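So the chains spell out like this:
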Amino acid sequence: MTRTAPTRNDALWPANDADRFVSRHNGPRADEIDAMLGTLGVASIDALIEQTVPSAILDRRASGIGAAMTETEALARLRQIAGRNVVMQSMIGQGYYGTVLPPVIQRNILENPAWYTAYTPYQPEISQGRLEALLNFQTLVCDLTGLDIANASLLDEATACAEAMALAQRNAKNKATVFFVDSDTHPQTLSVLRTRAEPLGWTIRTGDPETELDPSCVFGALLSYPGSSGAVRDFRPVIEALHEKGALVAMTCDPLALVLLEAPGALGADIAIGSMQRFGVPMGFGGPHAGFMAVRDAYKRTMPGRLVGISRDSRGAPAYRLALQTREQHIRREKATSNICTAQVLLAVISSMYAVYHGPEGLRAIAGRVNRLAAILAEGLRALAVRVETCAFFDTITVQAGESAALVLDRARKVGINLRDLGDGRIGIACDETTEPAHIKALWRCFCPDEARLAALESGLEAQNTLPVSLRRQGALLTAEVFHAHRSETDLLRYMRRLSDMDLALDRTMIPLGSCTMKLNATAEMIPVTWPEFGALHPFAPPEQTRGYHELFGILEHALCAVSGYDAVSLQPNSGAQGEYAGLLAIRAYHKARGETERDVCLIPASAHGTNPASAQMVGMRVVVVGCDSSGNVDLDDLRRKIAQHEGRIAALMLTYPSTHGVYEEAVVEICDLVHEAGGQVYLDGANMNAQVGLARPGHYGADVSHFNLHKTFCIPHGGGGPGMGPIGVKAHLAPYLPGRPEAGDAHAVSAAPFGSASILPISVAYVLMMGDDGLRQATETAILNANYVAARLEGHYPVLYRGCKGRTAHECIIDLRPLKEAAGVTVDDIAKRLIDHGFHAPTVSFPVAGTFMIEPTESEGKRELDRFCDAMIAIRSEIAAIESGAIALEASPLRHAPHTTADLTDSWDRAYDRMQGVFPGGMDRVKYFAPVNRIDNAWGDRNLVCACPETTSYAEAAE
Ligand SMILES: *Cc1c(COP(=O)(O)O)cnc(C)c1O
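Residues numbered from 1 in each chain as written. Predicted model: local features only at pLDDT ≥ 70, side-chain atom pairs only at ≥ 80, totals over all residues. Heavy atoms only, no water.

As annotated in an unreviewed UniProt entry, the protein is Glycine dehydrogenase (decarboxylating) from Swaminathania salitolerans. Recorded in UniProt for the protein, the comment headed Function (unreviewed entry) runs: "The glycine cleavage system catalyzes the degradation of glycine. The P protein binds the alpha-amino group of glycine through its pyridoxal phosphate cofactor; CO(2) is released and the remaining methylamine moiety is then transferred to the lipoamide cofactor of the H protein." (UniProt positions renumbered as here; feature names shortened; annotations may be inferred.)

Shown next as structure tokens:
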């Protein structure tokens, strides 16, 4: 049965109001809204919005998205879309492989809100579970690569290679500007490398590393191990020659191949990168997957991405937290090593659990079987007189089919198998964990449909070891206990549960992180993500198999254009920061096409998010900071001054709107005009679209390009620090410069896959369908109401910084804690940790202003939860008052001892405050959340850096 669009105004048929999603998504009930408006002293939501959003930009007209669907209707619609995708056995390879996600991990991590609704672990005391899983990930990567230190994680393999190139350039001992890339590298990787190198003035040279590389003229080289063709080569001599000339060597490798192959570190590589996709993460038409990077110890301080390390808490117990460059972009701005912020935490966790589930023996069995199937495939093809080009290989072979290539590809497709068409009669075939003997036999038949020869074939075959003797891995793998201790499903289930119980995610409390928009990630939105029709598609599958995806993209692109006022959208960027990068590249290309190559200045207000200057630097722009005035707005005089100073050189202004101070600047139209008059383009950081959807359209009030954080405004869960999606919208004049297809070598590609992390886009589509025009606007209005309500409740206790001209904040508010530091010595951290005792995740700390909290409740919280939060903040204020009055010393106060743990509950008690007050500040609660560790000493961990699980020698010996 096909469904028709809902007809809401039909007088005859009753509407299904119980299934109306908007009232599930938005937290406050009607009576709560009335009470909150009463607190604010405004008559209606409309009146509040008029006091909040400047009239110059307020535009409440419908966007043309249409009426809302119910959850049932939206899921049926997505079913229909999914049904237009065709799931085939994709043996294309090229960086993406079939894999089996163990059901226990699928349900208990990928489909479990305790994992997927968590935030990036900046508050380590409430993030010990995911930090432990990430430490396991880093350990896995270090073991596989044979290098000292690994991060967790990067966006995909291609961007990891680009980061490796930048790291090589920073650390090379020569002044060369050429980066050599093995010609046997995935084409999408090469595209992304070219994109990254060009604005920075580096040249990419490709060739055969063994014969065409002159080590004396490069700062580094990327070697593919195995190559895109499947070939496994011994690069030891090449690496040695490069090192002699002071160049760095990065190897991009396949983690499953590394189970059997000698580690890059052992071969001499300085950097190893790749994708952990085939460790249990569905191909998902390109993502999301965790990219990885491991480096020698010497480079740990310039490694991009997040690094988990072990430190200790105030009781001396071991505890995990992010090490070294935790919030690097915010501190180092345009000097940051990269702009990477949101990464791929959830996928890194899944991959690490895949390794925990299988252990080294299981991984060896999988890798061994894949290798053997590929070997048998090759043997059989040779016996059938097919020219197999690849001799030493792990799982992928390249064959020369000559004139019959098209026929072979077609026959394979008819039996449900996709192969890689390399052109010139060459075909690539990759085996993987899901390959069965039947697939191999079917492929033989595609090459040689001669029953008699096929019948005789198998008896004569003998699988050879196709890995070169010099490159077979020696020694033990994964000797840490965690990879041995949870092998039964019962044990693994409990291990994962134990870890998630240590963490606070949205399934337990509001997470009022300003600028991060931790709103509801509805279950109905999440359900399609694990449908095979979305999960099992290869990103380079032929278009007739991916019609459903293209329909999905069409809906999303239309909705994003409709709410933003832009003309075109690219779904390629895998994060907000990557969207910034793609948007700035478009601006750069636009100027260049007009012959205005001298435009290289990027104006950035002082309050900007750290990714803004970091992204500007990556496209070779010079960052010029524009000051802000005392009410948090861009200082127009300073803007005019900077524009005049850099006349003729202004490339762009990066503006966050509403500002990171949580205000709708009245002057935004004027600001855009000033930049345009100076010949520049306006990049509007759309991280705060949650304050604009349905009320204002950047493309209409003057912006040229924005990214949309789908993991903020459009309901993709944060996953503990990723995945995310940062599509960009542009006005028509920038459309020609949107990212091209990476696999085709098009210009400006920024991700390995043409549509980034395609498989999480159904989440945003479901959200848009279920909200409709009215619902989306109501969400924004409710977000604004909630923020203003929190500001109103807290303002008698904490000063609220920055408001619009009519006294209202946008969808978030900043409270100033600096006076408390001065008066009582209480730090933002003390208050953040004390909130944990009340069961809350702290708001954003010290951004954009040091010593403040930025609170963004989002529309999904109801009044009761907002009140609970405000009550906690007010209770904390009275504890601070006790310090101010001298009733208790700061060091002896519950604030300094926060968070309180079960150790505090059970140890002897000699504190200056009551134990009940310390442990149960919100009153007795039988299911209270307890942080598993006391306050963590960050600095100690950085001085004593440990970023992997300890080895357990007994497992090492047992494995020998
Ligand atoms: C979140 C955010 C970003 C970066 O987005 P990521 O997806 O984390 O890369 C950029 N700017 C602002 C204002 C943000 O809040």
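After that view, the rundown keeps rolling.
Digging into the domain arrangement of the protein
Domain boundaries assigned for the protein yield domain 1 (113–354), domain 2 (357–471) and domain 3 (567–756). Centre-to-centre, using C-alpha coordinates, domain 2 lies 47 Å away from domain 3. (Domains from an automatic or database assignment.)

Quick notes on unusual backbone geometry
Look at the link from glycine 722 to proline 723: it is a cis peptide, with omega at 15°. Along the chain, proline 723 turns up in the loop between strand S21 (705–707) and strand S22 (728–730). In this chain, alanine 898 is followed by proline 899 through a cis amide linkage whose omega measures 0°. In this fold, proline 899 is placed in the loop between helix H31 (894–897) and helix H32 (902–906). One non-glycine residue, cysteine 715, adopts positive backbone phi at about 75°. Mapping cysteine 715 onto the fold places it in the loop between S21 and S22. (Helix = DSSP H or I, 4+ residues; strand = E, 2+ residues; numbered from the N terminus.)

Brief notes about the pairing of strand S26 (residues 852–855)
Burial along S26 is two-sided: Thr852 and Met854 facing one way and Phe853 and Ile855 facing the other are all buried. Pairing of strand S24 (residues 813–816) with S26 involves four bridges; the strand directions are antiparallel. Note that in S26 the partner of isoleucine 814 across the bridge is methionine 854. Where strand S25 (residues 844–845) and S26 come together, two bridges link them in antiparallel fashion. Bridged to valine 845 within S26 is phenylalanine 853. (Buried < 20%, exposed > 50% of the residue type's maximum accessible area, 1.4 Å probe, protein only. Pairing = 2+ DSSP bridges.)

As for the site of the ligand
Lining the immediate surroundings of the ligand are 14 residues, of which Thr342, Ser515, Asp685, His711 and Lys712 lie closest. Note that an oxygen atom of the ligand is positioned 2.6 Å from one of the side-chain N or O atoms of threonine 342. Look at the ligand: alone it shows 380 Å² of surface, and the protein chains cover 97% of it. Ranked by residues supplied to the shell around the ligand, first place goes to helix H22 (residues 576–593) with three residues. Along the lines of polarity and charge, the residues of the shell around the ligand split into three nonpolar, eight polar and three charged. (Near = heavy atom within 4 Å. Polar contact = N/O pair within 3.5 Å; in protein donor to acceptor, adjacent residues only side chain to side chain. Areas by Shrake-Rupley, 256 points an atom, 1.4 Å probe, with all protein chains shown as cover. Nonpolar A, V, L, I, M, F, W, Y, C, P; charged D, E, K, R; others polar.)

Structural notes on the packing of helix H8 (residues 157–171) against helix H9 (residues 187–200)
Running from N to C, H8 and H9 cross one another at 45°; their axes reach a closest spacing of 8 Å. With respect to each other, H8 and H9 are oriented oblique. Handedness of the crossing formed by H8 with H9: right-handed. Here H8 contributes Ala158, Thr159, Cys161, Ala162, Glu163, Met165 and Ala166 to the contact with H9, which in turn contributes Gln188, Thr189, Val192, Leu193, Arg196 and Ala197. (Axes fitted to C-alpha atoms, helices over the stretch in contact; angles between N-to-C directions. Parallel < 35°, antiparallel > 145°, perpendicular 65-115°, else oblique. Left-handed = near helix turned anticlockwise from the far one by under 90°. Contact = heavy atoms within 4.5 Å.)

Focus: the state of the cysteines
A covalent bond between the sulfur atoms of two cysteines is what we call a disulfide. Throughout the structure, instances matching the rule amount to zero disulfides. The closest cysteine sulfur to the non-disulfide-bonded cysteine 947 is located on cysteine 142, 8.2 Å from its own sulfur. Judged by its relative accessible area of 8%, cysteine 947 falls in the buried class. (Disulfide = S-S within 2.5 Å.)

So, the pattern of salt bridges
As enumerated under the stated definition, the model contains 55 salt bridges in all. A salt bridge links arginine 107 to glutamate 111; the shortest N-O distance between them is 3.9 Å. Of the residues examined, glutamate 111 reaches a relative accessible area of 29% and is grouped as partly exposed. For the salt bridge of glutamate 879 with arginine 834, the shortest nitrogen-to-oxygen distance reads 2.7 Å. Residue glutamate 879 is found in helix H30 (residues 863–884), and its partner arginine 834 is found in helix H29 (residues 828–837); the two are separated by 45 residues along the sequence. For glutamate 879, a relative accessible area of 10% puts it in the buried group. Since its relative accessible area comes to 0%, arginine 834 is described here as buried. (Salt bridge = Lys/Arg side-chain N within 4 Å of Asp/Glu carboxyl O.)

Here's the deal with the environment of leucine 223
Take leucine 223: it is sitting in strand S5 (residues 220–225). Residue classification places leucine 223 among the buried positions, given a relative accessible area of 0%. Each C-alpha atom of the pair leucine 223 and aspartate 774 lies 53 Å from the other, and the pair is 551 residues apart in sequence. If sequence neighbours within four positions are ignored, leucine 223 has contacts with Asp182, Pro209, Phe235, Val238, Ile239, Val249, Ala250, Met251 and Thr252.

A short note on the layout of surface pockets
Volume-wise, the second largest pocket comes out at about 640 Å³. Contributing to the lining of the second largest pocket are 29 residues, with Pro539, Phe540, Ala541, Arg741 and Glu743 lying nearest its centre. Of all elements in the fold, only strand S14 (420–423), helix H21 (547–564) and strand S16 (568–570) reach the threshold of two or more residues within the lining of the second largest pocket. With three residues, the top contributor of residues to the lining of the second largest pocket is S14. Taken together, the residues that form the lining of the second largest pocket break down as 16 nonpolar, seven polar and six charged. Two domains each put at least three residues into the lining of the second largest pocket: domain 2 (357–471) and domain 3 (567–756). (1 Å grid on protein atoms, 1.4 Å probe; cavity = no way out; pocket = protein on both sides within 12 Å on 5 of 7 lines; lining within 4 Å. Points joined across faces, edges and corners; volume = space filled by probe spheres on them.)

Details of the nonpolar core
Counting residues in hydrophobic clusters, the biggest one holds 242 residues, and the most contacted among them are Met353, Leu381, Leu419, Ile427, Ile429, Ile831 and Phe853. Per-element accounting of this core gives the leading share, 19 residues, to helix H14 (residues 345–383). Those residues in contact with phenylalanine 853 that sit more than four places away from it in its chain are Cys813, Ile814, Ile815, Leu817, Val828, Ile831, Ala832, Leu835, Pro843, Thr844, Val845 and Met873. Counting 41 residues, the second largest nonpolar core, distinct from the first, contains Cys161, Ala172, Ala176 and Tyr299. (Core = buried A, V, L, I, M, F, W, Y, C linked by side-chain atoms within 4.5 Å.)

Considering the packing of aromatic side chains
Taken as a whole, this structure holds 20 aromatic pairs when the rule is applied. When the ring of tyrosine 657 is compared with that of tyrosine 664, the centres are 6.0 Å apart and the planes differ by 70°; the resulting orientation is edge-to-face. Assessed through its relative accessible area of 0%, tyrosine 657 is described here as buried. When its relative accessible area of 4% is taken as the criterion, tyrosine 664 is described as buried. Taking 6.3 Å as the distance between ring centres and 80° as the angle between the ring planes, the aromatic pair formed by phenylalanine 714 and tyrosine 767 counts as edge-to-face. Residue phenylalanine 714 is found in the loop between S21 and S22, and its partner tyrosine 767 is found in helix H27 (residues 761–794); the two are separated by 53 residues along the sequence. Put simply, the rings of Phe285, Trp531, Phe534, Tyr549, Phe553 and Phe755 touch in pairs and so form one group of aromatic residues. (Phe/Tyr/Trp six-rings, centres within 6.5 Å; stacked < 30°, edge-to-face > 60°.)

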